[in-house]
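Here is how the chains run, residue by residue.
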Amino acid sequence: MPHCKAYGCSNHSGRLSKGVRLFAFPRDCHQAKEWVVKMGMNVGKIGIFLGSLIADKKSNKHRLCSAHFTADQFQRDLQAELTGKTPKLILVNGAIPTLFVHRHTETPRASSENVIAKLERKRVIMYSYMNSFMPKFIQK
């Protein structure tokens, strides 16, 4: 089942909110690379990833939902506007995703910082304790 590849996004083909659509990664190598970079997606060696993405034309594995594109990245659906129907979401050529609310950050959590600080304090105490006895052992 195709699902959105953006970190923390839970949209997939079986559970899409109204007005949300999944888009396949572009087949253009440069544009696909921009999508991967903007997403902050860890794909390993990007050249190999892009090669497999472009070679596998029927793949549903790599999708991104419409929630990650700004309104100006979609074409207007004039027919739907005139008939009062829900407009179809169609990306403009060269659309680049920019909205990533659930972006993974590399900054440590506060609890991790506390643990690191506690370990550093213990190291300093042990070092000063060991140094206080070290001269006595060396003199003997």
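Our structure's up above, just so we're on the same page.
It should be emphasised that the depicted structure is a prediction, and the values quoted were computed from it without experimental measurement.

Conventions we followed
Residues numbered from 1 in each chain as written. Predicted model: local features only at pLDDT ≥ 70, side-chain atom pairs only at ≥ 80, totals over all residues. Heavy atoms only, no water. Helix = DSSP H or I, 4+ residues; strand = E, 2+ residues; numbered from the N terminus. Buried < 20%, exposed > 50% of the residue type's maximum accessible area, 1.4 Å probe, protein only. Areas by Shrake-Rupley, 256 points an atom, 1.4 Å probe, with all protein chains shown as cover. Salt bridge = Lys/Arg side-chain N within 4 Å of Asp/Glu carboxyl O. Phe/Tyr/Trp six-rings, centres within 6.5 Å; stacked < 30°, edge-to-face > 60°.

Chemist: Can you walk me through the overall build of the chain in this structure?
Modeler: A count of helices and strands for the chain gives 4 helices and 2 strands. When the helices and strands of the chain are read in sequence order from the N terminus, they spell out β-α-α-β-α-α. Counting across all 140 residues of the chain, residues that qualify as buried make up 26%. Carbon and sulfur atoms form 59% of the exposed surface of the chain, whose accessible area is close to 10600 Å².

Chemist: How should I be thinking about the pattern of salt bridges in this particular structure?
Modeler: Note that side chains of opposite charge can pair when their charged atoms are close. Counted under the stated rule, the structure contains 1 salt bridge. Close ionic contact of Glu81 with Arg76 constitutes a salt bridge, the shortest N to O distance being 2.6 Å. Note on Glu81: relative accessible area 43%, which makes it partly exposed.

Chemist: Explanation requested: the packing of aromatic side chains in the structure shown.
Modeler: What describes a pair of aromatic rings is the distance from one ring centre to the other and the angle between the planes of the rings. All told, the structure shown has 5 aromatic pairs when counted by the stated rule. Members of the aromatic cluster, connected to one another through ring pairs, are Phe23, Phe25, Trp35, Phe69 and Phe74.

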